[in-house]
Structure formats: structure tokens, C-alpha cells
Amino acid sequence: MLSRTASSLYWLGRYFERADFIARLVEATVRLDVLSPRPAGEAAWTSALTVTETDAAFAAEGTKFHRREVARFLTVDAGHPGSIVRCIGMARSNARAVRTALTREAWTAINRAWLLFEGRPAASDAGAVLGIVEAVQNEARGFEGAVHRMLRNQTTWFVRLGQAVERSDNTARLLDVKYHLLLPEHERVGGVVDRDQWTTILQTVSAVTAYRWLYSDGLTPANVIDLLIARSELPRSLVASAQETVDVLALLARRTGQHGEADRMARNRANRMAKTRSGEVIASGLHEFLRSFIDENALLHGAIGRQFKFG
Amino acid sequence: MRLLIEHRTTFRFPEPQPRLIQMLRVTPQNNHDQTVVAWRIDVDRDVRMREDCDGWGNAVTMLYVDGPLDGIEIAVSGEVVTSESGGVLHGVRERFPPTLFLRDTTATARDPAIALWAGEVARGADRLADLHRLNAALGERIAIDPHRAGVELAAGEAWQQERATAGEIAQLFVAAARSLGTPARYVSGYGLIGGERAPQPHGWAEAHVDGIGWIGFDPVTRLSPQDRHVRVAVALDAAGAAPIAGSRLGPAVEVLTIDASAA
Amino acid sequence: MPMRQAFDEIMGAGEGGPPRAELAALSRWIETTPADELRRRQQAAEATFRQLGITFAVYGESDAAERIIPFDIVPRVFLPGEWARLSEGLVQRVEAINAFLHDIYGERRILAEGVLPADLVLGNPQFRPEIAGMRPPHDIWAHICGIDLVRTGPDDFFVLEDNARTPSGVSYMLENREAMLRLCPELFRRFRVAAVDSYPDRLLETMKSVAPHGVSQPVCVLLTPGHYNSAYYEHSFLADSMGIELVEGADLVVDDDIVWMRTIAGRVKVDVIYRRIDDDFLDPLVFRPDSALGVPGLIAAYAAGNVAILNAPGNGIADDKAIYSYMPEIVRFYSGGDAKLPNVETWRCREPQALAYTLDHLDELVVKLVDGSGGYGMLVGPTASKAEIEAFRAALIAEPHRYIAQPTLALSTVPTMADQGLAPRHVDFRPFVLSGRRGVQVVPGGLTRVALKEGSLVVNSSQGGGTKDSFVLMDDQPGAAQQMRTDVMTQTLGAMTQETRS
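Here the residue index of a chain counts from 1 through its sequence in written order. Throughout, the order in which chains and ligands are written sets their labels, letters from A for the former and numbers from 1 for the latter. Confidence filtering applies because this is a predicted model: local features only for residues at pLDDT of at least 70, side-chain atom pairs given and counted only at 80 or more, and all residues used for totals across whole chains, interfaces and linings. To get the side-chain values, take all heavy atoms of the structure and skip hydrogens and water.

A probe as big as a water molecule, rolled over the atoms, marks out the empty space that is left. All names here are of chain B. A pocket, in this scheme, is an open set of points on a 1 Å grid over the protein atoms alone with protein on both sides within 12 Å along at least 5 of 7 lines, while a cavity is a set where a 1.4 Å probe fits but cannot get out; residues line either one if an atom lies within 4 Å of a point. Grid points are joined across faces, edges and corners, and a volume is the space filled by probe spheres set on the points. A complete count under the given rule lists two cavities of 30 Å³ or more for this structure. Approximately 220 Å³ is the volume attributed to the largest cavity. Lining the largest cavity are 18 residues, with S85, L89, P225, Q226 and R231 sitting closest to its centre. Helix and strand definitions follow DSSP, with helices as H or I runs of at least four residues and strands as E runs of at least two, each counted in order from the N terminus. Residue assignment for the lining of the largest cavity shows that the elements contributing at least two residues are strand 8 (200–209) and strand 10 (229–235). A class-by-class count of the residues in the lining of the largest cavity yields four nonpolar, 10 polar and four charged. Here the second largest cavity is characterised by a volume of approximately 40 Å³. Throughout, the ten residues Ala, Val, Leu, Ile, Met, Phe, Trp, Tyr, Cys and Pro are labelled nonpolar, Asp, Glu, Lys and Arg are labelled charged, and all others, Gly among them, are labelled polar. Split by residue class, the lining of the second largest cavity holds five nonpolar, one polar and two charged.

This is the structure:
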């Protein structure tokens, strides 16, 4: 397979996954905002910006801070590289470049997601924002299904590799930011926290039901952290994403007959993650753990690019 | 005359280049009045070089360099013995009939102002004498721009600005000669001109006169080349005969410095 | 100006006249299939094309103009004898084109012998001195040619244009046939139609056959300018059907005069490139330095004999419209015989007499830019407005060397679906000719383009033209075989009846 093709498929996976994540994040934030008293509602939007590491970019736009402006910035702002519309645009332009490698179903899902934003002005109220992010998630689910119905070959694997790497990053960011926002420095873990905020996290990673299945002792921060870091049952957990990365790389290695730096890094990470206990992580510093996970993920991304010569 | 040439081209890249491909036309070939005694190309990196020949018959060296690369220096050195021929070229196997060199290029496009002027200068019955007049008049009219090197301006632009580099004036000669229906071409090489102690990269022109053949014209000296010019490459214009045609694969800007020191 | 009555390829000489006897079976099919049914099938075909994304971009239209080329359900048909004669002429012509290119970039015998004016070649921008002296592997230059033909009568075929650079349209030949097989299967039961679906195999075989010497398992690729190109669908379609990589310039690197392709498993050496980008953009070191589509160093690799490029760089000179008018002389020079396929009579406006004639007859001639294509820069005298004619007159006087003129031919017609039902529409034809190490072959079929507007002679897709399938029949008496079998059956039945009686 051409390196360019592989690179386009990988980026297509990353961008579409990112768009889906931002859509989930915005949806959860809207709900939280509606539920909370005013000041806490504003804080939810601040944290949405922090999670996506776009607070500085938003400030640079010079727009007055307002929930409507943040929602616009994260969803339909074509000038902001981290908006849903831009992520979908990037996913689509990568898909276009490799269109013949994709099934029509997969292409259509991406194209339809892109068309959602055609000629759409800024979403004016919470309802409109919810409408658009739900539609994006629908197309994302359609795409996910289409990818799984595609031939089990390199084309599919590069898309899934991009998704897995992106997902690792997103979950780690979400947990890092929310955790620190919710936990003032003098607070003890498990102290007084805003229950709704924790629900937001679960909603963002579609884990509300999963949580109820897996934990019988009600909503506690330690359990949420455990779920998002160490439970392989949850597809968006760090351990599951790390394992998915290893699996997809192994499939590719079997086809190309080449093992490399990326395989080794991914395997090391997954082995470590499998032994990680969330209690120990919390005790020795969750923030440090997540930051180093994010950094390692970026290194892995680099190694993948080198190994498959994305150039 | 024995001419010792040493010429270095240095590229510095603000951002490291993943790799580099350069096409060099820096190697002179023998003719009746030019004997290459020694010639070499040195590069300060590990490179793969391939000797080749372009469509015009010029010697070409392809240079393939692996990155990452923050700069490269290409040094050319050699010794050439020349003799005086009154500017007439002898002993070169021509690939094309002269008529080919009536073709326009972007850099030597037809220009009414140049054609008008050339027609006024060249009113004689003798084409050779006309071309000499054209050469001298051009050298007189267009001043050498001391601040620039290389060839950037097309003939028409150089004509308007009335200041140009040697190569640009040579292109002007080419355009003017063609406007008279005379086949003409650009020559790149080295020249020992003025007070220089060693030959410098230089560009001049050649025009074809029936019954005589190809004759060199250097508007800078306002004469035909004597034994102080080393002829390296010819083409329809300066870009076609460029000593270095390079391709950058990275996003960086090339910084080019040419330094020819005394042998 | 009234047009002469055009020859209809199925319905015969003229309005109301009897259909061509040889194609009676086809005219019966046309007459007995209800127009609504034909229209329904046509729409089904077009819907498929739209879904497949067989689109082309129209230059100069900004509204993301991706259109499909209209498809017409009534096929155009060649009889075996007609096809055999055409093929002979095409092979002869393409052999001459190859010999011409070999000569013109080498010895230039044809100029030395004064067969055509030297300045017409040497001064032509399509003649590329940059690659003179370089020889493609096995001395084959024009591997894939599309020769545009027109017809004015049962035996009157003329070459309108040679396309020896990167002719497109072959995907339509294949997709149109697919659609016809699906939508009109009865036609294929009644007629034995030569198959076209071997084209990708033949093309791949051609590519492999011209690999550089000493390469036993050549790696072939198709080089595209990218997915914004109007013919991108065809590029990806061909690459997929041949099972080769579809590469862009950035996917290839030249190192040590060898072309490599960047893959996830490292560099892979490339031996044969079917390029669908123009010479100008092929190698920024040699041609346009601002080209981002090409591959730096490609020409060096080619000069070193390490890669085959299809079609060879520099081919533009062979299909230049100024050279076209000399094709009969060129064919005679290299083949020793007269051209079996004649040219359309052509006035070269660079010649004063021809210019004078052209200016006097602008209202009846077709005037073309020598370096134009796609139906742009063209005047069709009989249908042009006064203003258009005067604009061309001024342009001709200013730059006569840029133009040629031809008579307005009464192009043949084929019944075509129009608003009011079937009606005759003018067609042209582009067969595809492949030149490999084992000789020159003509694929039995091609692209029939049809001018959908009544009376229009402009068939270009960018100007509202459509396409048809082109049948090459394998029987001299098409439809007769089946007819005969029915007769035999009736006789036997009759005999049986008689027998029982007696």
C-alpha cells in the first residue's frame, strides 16, 4: 500500500473520531449547563475548552465569553481547526483522496456528516446545538458500522489505527481536565464533588449504562477513574484503546511482514496498562499519569508515521 | 589561455530537508578552442552522482542527497585551456539545426520595443556586422546591476529597467537577435572579465549566421568571447542552461550564495 | 446555411428512406421497443453512473460542477468489414506516429528530406528539445492513442484528430458496455458483439511489454494529477481494473536515476509509469519548475533507460493540429503507402493562400486553434453568429499561424433519445489503439460521442455532448443467424405436420 494512502486512511480515522468526541463533549456540556445553576454552567463551557486545549485559541478570537459563542466555536466555526466542522472537513478531504479504497457506505457517512454543516449558520440555542451534535454522532455511528463491514484488510486497519490513537488521547484529556476542575487542590480524592460533572464524563464516553453494570456502589470519582483507565470492557478506556492499537498494528505487521518501533512502543504501553490499578494511579498522582500517557501517545503517533513512512 | 576555476555554491535551509535532488550543468566540454584538462565536482555530504546528458547535449550531473539536510555545498573546480577563435564556435556537435533557436520562451518572449530597437540598430546589409553592433549597443544601453546575480528578469523586463545582470543582458541579446530572424541562444559558463582574478560564473549569447556558424556575443564586454570564456551549457534561455536546477521537497526557502575565489 | 442531408448509420441515407439492410435487425429493435422503455433504461444507466461517481468537472464552472456525461441507450454499430478496414487504417496510422516520433527526436530524416517544413516541427512548442536524443525502451512512443474519426457515408471515414498524449474516455467505453449488457441483454442475444472488457488486461500487457530491458517482473503504476482532476474517475477505474497502484507525484521519488514508490513497507522500484499528466508537469527540473504534480528527476531516470513512461514525453508534437494536416505525407513517408484513413481536408492558415480562402469562407468552415482542445477556441461557421465570425476573423488576421480550417462535414448520425422520442444526432468516434512490444492492436470498440443538440456538430462532453456504446459486430449478416434458426425450426415443424398427414 502507498504510504500516502495509508496516511490518509489513518488521518481520516483520527479526524472523524475527534469530531465524534467533540460532538459528545458538546452534548454533555449542553446538558450539564442546562442542569446547573448559572455560574457552574459557565464553568462547564470553560472546561470544554480546556479539554480540547482550545482555550487560548478561543481567547485569541477576541469573542466575549458566552456559552453560545463557545458552542459555535467548537461546532461550526470554520476558522477554528479544532471545530467539528473542520475535523469533518479534514476527514472528508482525506477520504476523498482515497475514495476508491473505501466502500460507498463509509464514504457516504463521512459525506453526509459534512453536508450537515452546509450553509448552516451558528447554532443559536441549546436545542439547535444538540440537534447538530446528535446528527454528527449518528453519522459517526454509521461510519463505525461501515468500517466494520469493510474488508478486513489494510484499508480498514489504518482507519482503525487512527481511531484508536485518537481515542486514547481524547479519553486521557477528558479525564485529566475534568478531574482537576472538579478537585480543588486541597480536596481529598473522593471528597465533595459535583455529581453532575461526573455524569458528564460518563456521557461523553457513552459509559453511563456501562458504569451501572460494572459498579454497584453508586457514582464515585474513584470508580469513574477506574472505568476510564483500567476497564477493558469499555471501548473508550485507556486500556482498551491501548490494546486496540496493539491488535491493529499486529494485523498490519502480519500483512507487511514488518515489525517496528511502533509495534514495540504500543505493546509496551498495553502491557503496562494491563497491570495498572486505578487506585495506585490516584495515590501516586493521576495528573502526572495522564500527562505522561498523552505524551507517550504522541510519541507513538510519531513512530507510526515513521514506521509506515507517512512522510 | 590557462584558466583555473574554483566555484562554490552553498545552500542553507532554514528547515532541514528530508532529501534533495539537484540537476547540475557545470561541466564544460571540449571544443576546438577549449580543452578541459581537469574537472571535478565535490559535495560536502554523502551523495550519489550520475553523469548524463540533457536534450541540448549539455553534460548534466544528477545529484541525489539523503536528508535530513540543513545545508549543502557544491564545489566545482578545474582547469581549462582556451584559445582565441574570433568568437566563432568550432568543433561542437550540434544536436539541432539553427532554426530551432528561433523559438520564443517566457524569458525571451517577443517584445515590440526590443524588436523595434534591434531593427534600428541593425540596418546594415551584413548580418555579422549587425550582430556586433547590436552587442555593443546593448552593452552600452543596459547597465550592469551590481547588487544582483543570476537571472530573474525576462528580456522585456530587463529592457524596461535598463539595469540587469550579465545573464539577463545576454537574454536580451537573444531576444533581439531572434527578432531579426537570427537564431540565437543563451550560453552559461565562466568568464574572466574586468579586474577579476579568477573566472566567475557568467552568461552570454550565441547567434547563428549562415556561412559562418555559431558566433559568441558578450554584451558585457561588448565583444565576442575571446580566450577568457569557458563555455559550459547552451539552451533557448538562461533557465534551460541553468547551472543548478534544484528541487526542494521540504517547505523551506533556499538561500543561495555563490562564491568564486581566486585559484 | 442548410446542412446537407446526413448519413444515418442505422436508418440509412435519409429521412423516410429504408434502413440499412445489413442493420435491419437493429432498426427493428429500435422501432419495436417503446420509447418510454428506452428512456427508462437510459435513466437507469445514468443513475448507476451517478452512483459510481463517473463524473467529470467542467472547467470554468464554479458551483462544484461535477456532472455525469449523458448516456444514450441506442448503440452505434460497426459491421465486421467496416471494422476490419478501420483497424487496418488505424494500425497504419499509429505505426506512422510511432515512427515519426522516433525520427523527429532522433535523426530527423523527415525534415532532412523536406517532407514537412522544419520550422513547423522545430518551432512548435509541442516539440520538446529537452528530451531530444532520449529513447523510450523498445523505441515505442505512442503506447495509447485515441484517434478521433468522423464518418460521412457508408465507406467514408476521416481522421479528425490524433490523440497521442493522454487520451481519455476509455472508462466510458467500458462502463457504457456494462450498462448495455445489463439493460439491453436482448441485443447481445441477437448480435454477436466483440467484447471490450479485455481492455485493462491488454493495457497492462502493453505496459509490461515495454518495461526497461532486463526487468522480468515489472512494477507498473498509474500516475494521476490527483482527485481534483476531471478524469480522476477514469484514472482510479483503470488502476483498479489493472490491479496497479494509482500514484500521485509525491508518491514517487527518484534516487540514483531510479524511480521508487513510497509504500508502507518501504521503497518499491517502479519500472513502468502510465502517466495521465502532461509533459509540462512531469518533472520540475526539466519542464515547468513550479509543477507540484510531477516527480523531480523523472526525466533523468527516463534518459538513463530505467523507466518506461507511457506515453513517452514529447509526444505532443505528433497530435499537434498543425502537424495533423501533414499526416498523409507522414504516413506515406514511413509506411511507403498511401494512408488508408484519409484526413479531413485542412487549410493551414499559416499559408497565405489558405488564410485568404478561410477568411472568404468563414461562414461555412470550422476554424480551430492549433493548440486548443475540448471544443474550446473553435468556430463552427454555419451555426455561428455574425459577431462570433467577426471575432474569429480578427483573431485569424492577428495570429494566422495559430489556426487551421476545415470544411463543415455532414457528420453521420445515429438515432438518439431526444425530448420528442428518437431523432438523428451527429456522432464521432474515438477508438483506442495500443502499441506494445508485440505490435499495434485496436480494441474492438471505442467511445462514440454524440452531439445531443439538434443539428449540433460539437460532441465534446464539456459542450453538452453525450456518449453511446459502440458495437463491433462479429457476423456479416447480423441478426441473420437467429433468423435462420427460427426458419429451420418452422420448416421442421411443418415437415412433421406433413409427415403425420401422409
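What follows covers the sheet that holds strand 7 (residues 184–191) of chain B. Whenever strands of a sheet pair, they do so through backbone hydrogen bonds, lying parallel or antiparallel. Residues and elements named next belong to chain B. Strand pairing is assigned whenever DSSP identifies at least 2 bridges connecting the two strands. Taken together, four strands build an open sheet; the order of strands is 9-8-7-10 and the sheet is antiparallel. A strand with exactly one partner marks an edge of an open sheet, and here the two such strands are strand 9 (213–217) and strand 10. The average angle at which neighbouring strand axes cross in this sheet is 35°, direction not considered. The contact definition used throughout considers only heavy atoms, calling two residues in contact when any of these lie within 4.5 Å. Orientation is described by axes fitted as lines to C-alpha atoms, over the contacting stretch for helices, and by angles from 0 to 180 degrees between their N-to-C directions. In the packing of helix 2 (residues 127–141) onto the sheet, the strands contacted are strand 8 and strand 9, and the crossing angle to strand 9 comes to about 20°.

As a further point, take the confidence of the model for chain C. Residues and elements named next belong to chain C. The predictor attaches a confidence to each residue, and that confidence, scored 0 to 100, is pLDDT. Here chain C averages 88 in pLDDT, while 89% of its residues score no lower than 70. Low confidence marks residues 58–65, where pLDDT is under 50. Its contacts with residues over four positions away, or in another chain, come to seven contacts. Here residues 483–502 is a poorly scored stretch, pLDDT under 50, and it has one contact once near neighbours within four places are set aside; other chains count.

This part takes up the nonpolar core. By size, the foremost hydrophobic cluster in this structure holds 121 residues, and its most contacted members are F100 and L116 of chain C. Considering each element in turn, this core owes the most residues, 10 residues, to strand 4 (residues 59–82) of chain B. Sequence-distant contacts of F100 of chain C, defined by excluding residues within four places in its chain, comprise I110, L116, V121, I317, A318, I323, I330 and Y334 of chain C. I22, L74 and V147 of chain A together with I264 of chain C belong to the second-largest nonpolar core, a separate cluster that totals 95 residues. Residues enter a nonpolar core if they are buried and are Ala, Val, Leu, Ile, Met, Phe, Trp, Tyr or Cys, with the set joined through side-chain atoms within 4.5 Å. Between buried and exposed lies partly exposed: a residue is buried under 20% and exposed over 50% of the maximum accessible area for its type, with that area taken using a 1.4 Å probe on protein chains only.

In many reports, interface size means the accessible area that the parts give up when they come together. With 24 residues of chain C in contact, the opposing surface of chain B contributes 22 residues. In total, about 2,000 Å² of surface goes out of reach between chain C and chain B, with carbon and sulfur atoms giving 56% of it. By the criterion of area lost to chain B, the three top residues of chain C are L122, D256 and L285 of chain C, representing 30% of everything that side buries. Should a side-chain nitrogen of Lys or Arg be within 4 Å of a carboxyl oxygen of Asp or Glu, the pair is scored as a salt bridge. The tally of links from chain C across to chain B stands at two salt bridges. With a shortest N-O distance of 2.9 Å, D256 of chain C and R50 of chain B are connected by a salt bridge. Accessible surface is computed with a 1.4 Å probe, and the buried area is the amount of it that two parts give up when combined, taken over both parts together.

Per the stated rule, a full pass over the model turns up 74 salt bridges over all chains. With its nearest N and O atoms 3.1 Å apart, the salt bridge here joins R72 of chain A to D77 of chain A. Summarising the burial analysis for this pair, R72 of chain A and D77 of chain A share the class buried. The partner of E82 of chain C in a salt bridge is R20 of chain C, and the shortest N-O contact between them spans 2.8 Å. Here the residue E82 of chain C occupies a position in helix 3 (residues 80–104), and R20 of chain C occupies one in the segment before helix 1 (24–32), the gap between them amounting to 62 residues. No difference in accessibility class separates E82 of chain C from R20 of chain C, as the two residues are buried. Bridged by salt links that share partners, the residues E9, R20, E22, R76, E82 and R151 of chain C form one connected network.

Residues and elements named next belong to chain A. If you check the domain split of chain A, you get domain 1 (1–150) and domain 2 (152–311). Computed over C-alpha atoms, the centres of domain 1 and domain 2 are 20 Å apart. Between domain 1 and domain 2, the residue contacts involve 31 residues of the former and 32 residues of the latter. Both sides together, the interface formed by domain 1 and domain 2 hides about 3,200 Å², and carbon and sulfur atoms give 59% of it. Connecting domain 1 to domain 2 are six salt bridges. In this structure, E166 and R18 form a salt bridge, with 2.7 Å as the shortest nitrogen-oxygen distance. Polar contacts, as counted here, are pairs of nitrogen or oxygen atoms within 3.5 Å of one another; within protein the pair requires one atom able to donate a hydrogen and one able to accept it, and residues that are adjacent in sequence qualify only if both atoms are side-chain atoms. One can count 13 residue pairs in polar contact (both at pLDDT 80 or more) joining domain 1 with domain 2. Elements with a minimum of two residues in the side of domain 1 that touches domain 2: helix 1 (3–35), helix 2 (38–51) and helix 7 (126–149). Domain boundaries shown here were taken from an automatic or database domain assignment.

Moving on: helix 6 (residues 170–183) of chain C. Two residues of an α-helix separated by three or four positions point the same way, owing to the 3.6 residues in each turn. All names here are of chain C. Multiplying one less than the number of residues by 1.5 Å gives the expected span of a helix. The end-to-end C-alpha distance of helix 6 is 20 Å, a good match for the 20 Å that 14 residues give at a rise of 1.5 Å each. Across the 14 residues of helix 6, 11 count as buried, placing the element largely inside the fold. Looking only at helix 6, the buried set comprises V170, S171, Y172, M173, L174, E175, N176, R177, A179, M180 and L183.

In helix packing, the relevant descriptors are the interaxial angle and the interaxial distance, both defined with respect to the helix axes. Residues and elements named next belong to chain B. Here helix 1 (residues 112–121) crosses helix 4 (residues 166–179) at 70°, and the two axes come no closer than 8 Å. The pairing of helix 1 with helix 4 is recorded here as roughly perpendicular in orientation. The element helix 1 and its partner helix 4 pack so that their crossing is right-handed. Facing I114, A115, W117 and A118 of helix 1, the residues of helix 4 in contact are L172, A175, A176 and S179. Classifying every residue of the contact of helix 1 with helix 4 by side-chain character gives seven nonpolar, one polar and no charged. If an angle is under 35 degrees, it is roughly parallel; if it is over 145, roughly antiparallel; if it lies from 65 to 115, roughly perpendicular; otherwise it is oblique. Helix crossings get a hand from a simple test, with the near helix turned counterclockwise from the far one by less than a right angle marking a left-handed crossing and a clockwise turn marking a right-handed one.

A surface patch of negative charge is lined by E178, D197, D201 and E205 of chain C. Take D201 of chain C: it is sitting in helix 8 (residues 199–209). Patch membership requires over 30% relative accessible area and the absence of a salt bridge. Like charges are linked within 9 Å, and nonpolar side chains (Val, Leu, Ile, Met, Phe, Trp, Tyr) within 5 Å. Only the protein chains shown count as cover for residues, and the accessible areas themselves come from Shrake-Rupley with a 1.4 Å probe. Under the counting rule used here, the positive set is Lys and Arg, the negative set is Asp and Glu, and His together with the chain ends is not counted. The location of each charge is read from NZ of Lys, CZ of Arg, CG of Asp or CD of Glu.

What follows covers helix 9 (residues 232–242) of chain C. Residues and elements named next belong to chain C. Taken across its 11 residues, helix 9 has nine buried, putting it largely inside the fold. Of all the positions in helix 9, only Y232, Y233, E234, H235, S236, F237, L238, A239 and M242 are classed as buried. Just downstream of helix 9 lies G243, where phi reads positive at about 70°.

The subject of this paragraph is the packing of aromatic side chains. Two rings belonging to Phe, Tyr or Trp (six-membered ring only in the last case) form a pair when the distance between their centres is within 6.5 Å. Interplanar angles under 30 degrees mark stacking, angles over 60 mark edge-to-face geometry, and anything in between is tilted. One pass over the full model with this rule turns up 31 aromatic pairs over all chains. On the basis of an interplanar angle of 65° and a centroid distance of 5.7 Å, the ring pair of W56 of chain B and F96 of chain B is categorised as edge-to-face. Residue W56 of chain B is found in the loop between strand 3 (47–53) and strand 4, and its partner F96 of chain B is found in the loop between strand 4 and helix 1; the two are separated by 40 residues along the sequence. Given a relative accessible area of 10%, W56 of chain B falls into the buried group. Between Y105 of chain C and W141 of chain C, the aromatic rings sit 5.3 Å apart at their centres with planes inclined by 10°, giving stacked as the arrangement. In this pair, Y105 of chain C is assigned in the loop between helix 3 and helix 4 (109–112) and W141 of chain C in the loop between helix 5 (118–122) and strand 4 (144–153), connecting sequence segments 36 residues apart. W141 of chain C sits in the buried class, given a relative accessible area of 0%. The rings of W56, F96, F101 and W214 of chain B together with Y105, F127 and W141 of chain C are connected pair by pair, giving a single aromatic cluster.

Contact with chain A, which involves 17 residues of that partner, is made by 19 residues of chain C. Between chain A and chain C, the buried area comes to about 1,600 Å², and carbon and sulfur atoms account for 48% of it. When the area that chain A buries against chain C is broken down by residue, the three leading residues are L2, R4 and R96 of chain A, summing to 38%. Here chain A and chain C share two salt bridges between them. For D251 of chain C, the salt bridge is made with R4 of chain A, and the minimal N-O distance between the two is 2.5 Å. Across the chain A-chain C interface, the total number found is nine residue pairs in polar contact (both at pLDDT 80 or more). Going through the elements one at a time, helix 1, helix 5 (84–97) and helix 8 (154–182) of chain A are the ones with two or more residues in the side of chain A that touches chain C. Along the lines of polarity and charge, the residues of the side of chain A that touches chain C split into six nonpolar, seven polar and four charged.

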